[in-house]
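Observations on the model geometry
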Amino acid sequence: MSDTRHCLDGGRLVGMDGWLPGLAAHHRWSDRYPRPGCNHLTCESCGGDVRAWPDLDLAPSFAGPGASKPVADALAAGGPDAALAQGGVVAAQGSRLYACACTVAGERGERPLRSREGEDHPLKALPWRCAGHPPLGTPAELDGETVDDADAAGLAARALAGAAPADGVPWPTSFIDAELPAAWIAHIYALLPAGAAREGIAGAATAALAADDPKERAAGLDFYLFHPGAPGAERISAALRDEPARFHGVALPWSKKKDLAHLAWKVLAERLQPGDDGGVDAIALELARGDALTGRAELAAILRLGALDPAWYKEHVGEVAAANPKALASVVDALRRFGDADLEAAVATLRAADGVDGEAVERALRERLAGRVTR
Ligand SMILES: [Zn+2]
Ligand SMILES: [Zn+2]
Ligand SMILES: [Zn+2]
């Protein structure tokens, strides 16, 4: 069976400040970081591969649909020197030039070729697509580390403890990287095929959930936020239920305001949707009901409650609203899929609830359930 993966944004063009990895296995697999440019683009018009050159841009006079073909011809005939001599290409530090046999484009920032809905990027449609990436074969040498089946767990444990990769992450770092302590090892996991190396990494992430150092627990949770279906993710709900003091009130390493339970709930919200087997994380569902009533559940989890357990939600929506005053819009959003009779009952409960701001409730009902609720 083919195990080719495609960039989830259809492939991305990146300027020189972005990350264009050399290794064929690297691709954009997550909505989060990293955000590599696609290194295997092909053209749907001419069928050719797309190549890239640093610090060059397309001259403005050749921009526009079809107008860059003479520049593509010059590049094919004599490379960047010929295109510079022709005037179709200009030196431009920070810009990356991309070309197939029919089309040329420069990119300074980042440009996904497809929207998340799979449509052509609306700003400038280009005929290029991600043509797929092979899984990472093992052993692999990257970023100063060896990824192999035997020691993947050890490598993952070091990565989650902040001690790997030896050469640092290969993508440009920003403030947000501090909040993604598992990004590197989660990336490796995503590139690997199913097998021993993947299992070793997931095992290390599971162990990190129970580590004494809250930084490692945060990293373990972060791993599962990247891969909420990976083996061991089912332990999170039980850990939160059985040892709440290890999560609630324990600040995340990168935030004074948010605790480990906040991060755990982000993962559990992902697990509160029917999985491949149609089931949801039953312990998480039970926890979500309890935490929604005390105001400590993640908003996304509250939203899922409305979909997964409408009977419970209809009955308790007033208490949930009272416990989560800042989340009133989400509390009301969770009613959107309700049928008319259930909605009417839920709204009555909400309006009658103690401890909720009546005006705010009416505003939320008007704004979030437009037309479906009357006074
Ligand atoms: Zn790609
Ligand atoms: Zn082409
Ligand atoms: Zn908490």
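Residues numbered from 1 in each chain as written. Chains lettered and ligands numbered in written order. Predicted model: local features only at pLDDT ≥ 70, side-chain atom pairs only at ≥ 80, totals over all residues. Heavy atoms only, no water.

A short note on the coordination of the zinc ion (ligand 2)
Here is the rule we go by: Sodium, potassium and calcium take a 3.2 Å donor cutoff, other metals 2.8 Å, and in both cases only N, O and S atoms count; water is not among them, so sites may look incomplete. Site shape is set this way: if four donors have all angles between 85 and 135 degrees, tetrahedral; if opposite donors are over 155 degrees apart and all others between 65 and 115, square planar for four donors and octahedral for six; otherwise irregular. Secondary structure elements follow DSSP: runs of H or I of four or more residues count as helices, runs of E of two or more count as strands, with numbering from the N terminus. Between buried and exposed lies partly exposed: a residue is buried under 20% and exposed over 50% of the maximum accessible area for its type, with that area taken using a 1.4 Å probe on protein chains only.
The coordination sphere of the zinc ion (ligand 2), as far as protein atoms go, consists of Cys 43 (SG), Cys 46 (SG), Cys 100 (SG) and Cys 102 (SG), spread over 2.2 to 2.3 Å. Its 4 donor atoms give the zinc ion (ligand 2) angles of 102 to 118 degrees at the centre, a pattern that matches the tetrahedral case. Expressed as a motif, the donor residue spacing for the zinc ion (ligand 2) is C-x2-C-x53-C-x1-C. Taken as a pair, Cys 46 in the loop between β2 (41-43) and β3 (51-58) and Cys 102 in the loop between β4 (89-99) and β5 (104-107) lie far apart in primary sequence, 56 residues in all. With relative accessibility at 34%, the residue Cys 46 sits in the partly exposed group. According to the relative accessible area criterion, Cys 102 is buried, its value standing at 18%.

A few points about the packing of aromatic side chains
Rules: Pairing of aromatic rings covers Phe, Tyr and the six-membered ring of Trp, with a centre-to-centre limit of 6.5 Å; geometry is then stacked below 30 degrees between planes, edge-to-face above 60, and tilted otherwise. Look at NZ for Lys and CZ for Arg. If either is within 6 Å of the ring centre and within 35 degrees of the ring normal, a charge sits over the ring.
Considering all chains together, one arrives at 6 aromatic pairs under this definition. Between Trp 29 and Phe 226, the aromatic rings sit 5.7 Å apart at their centres with planes inclined by 50 degrees, giving tilted as the arrangement. Placement of Trp 29 in the loop between β1 (12-14) and β2 and of Phe 226 in helix α5 (residues 214-226) is noted, with a sequence separation of 197 residues between them. For the residue pair Trp 29 and Phe 226, the accessibility class agrees, reading buried in each case. Centre to centre, the rings of Tyr 189 and Phe 223 are 5.3 Å apart; their planes meet at 90 degrees, and the pair counts as edge-to-face. Residue Tyr 189 is located in helix α3 (residues 183-191), and its partner Phe 223 is located in helix α5; the two are separated by 34 residues in the primary sequence. Under the relative-accessibility criterion, Tyr 189 is labelled buried at 7%. The exposure class of Phe 223 is buried, given its relative accessible area of 0%. Above the ring of Phe 226, the side-chain terminus of Arg 32 is found at 4.1 Å from the ring centroid. Over the ring of Tyr 189 we find Arg 198, and its NZ or CZ is 4.4 Å from the ring centre.

Observations regarding the coordination of the zinc ion (ligand 3)
For the zinc ion (ligand 3), the full set of protein donor atoms is His 248 (ND1) and Asp 259 (OD), at a range of 2.2 to 2.4 Å. Placement of the pair is His 248 in the loop between α6 (235-242) and α7 (260-271) and Asp 259 in the loop between α6 and α7, with a sequence separation of 11 residues. Note on accessibility: His 248 and Asp 259 belong to one class, buried.

Some thoughts on the domain arrangement of the protein
Note the threshold: For the domain bounds, the source is a domain assignment made automatically or taken from a database. Whether two residues touch is decided by their heavy atoms; if any such pair falls within 4.5 Å, the residues are in contact. The term buried area denotes the loss of accessible surface (1.4 Å probe radius) that occurs when two parts are joined, taken as the sum for both partners. One speaks of a salt bridge when a side-chain nitrogen belonging to Lys or Arg is within 4 Å of a carboxyl oxygen belonging to Asp or Glu. Counted as a polar contact is a pair of N or O atoms within 3.5 Å, where, for protein atoms, one must be capable of donating a hydrogen and the other of accepting one, and residues adjacent in sequence contribute only when both atoms are in side chains.
Each domain of the protein was delimited in the assignment, giving domain 1 (12-130), domain 2 (143-271) and domain 3 (296-375). The centre of domain 2, based on its C-alpha atoms, is set 34 Å off from the matching centre of domain 3. On the side of domain 3, 6 residues touch domain 2, which itself brings 6 residues to the contact. It is His 248, Trp 265 and Ala 269 that lose the most area in domain 2 upon contact with domain 3, and together they represent 77% of the buried surface on that side. Where domain 2 touches domain 3, the interface holds 0 salt bridges. Summed over the shared surface of domain 2 and domain 3, the number is 2 residue pairs in polar contact (both at pLDDT 80 or more).

Some thoughts on helix α1 (residues 69-86)
In plain terms, the rule: The span you would expect from a helix comes to 1.5 Å times its residue count less one. Consider a residue and the seven residues that end there alongside the seven that start there; fitting an axis to each set, the bend is the angle between those axes.
With 18 residues, α1 ought to run about 26 Å at 1.5 Å a step, yet its terminal C-alpha atoms sit only 12 Å apart, falling short of that. At Gly 78, α1 is deflected by roughly 135 degrees, the largest bend along its length, and proline Pro 80 occurs up to four residues later in sequence. Residues of α1 that are buried include every one of Val 71, Ala 72, Ala 74, Leu 75, Gly 79 and Ala 83, and no others. Against β3, β4 and β5 lie the buried residues of α1. One or two positions beyond α1, positive phi appears at Gly 87, with a value near 95 degrees.

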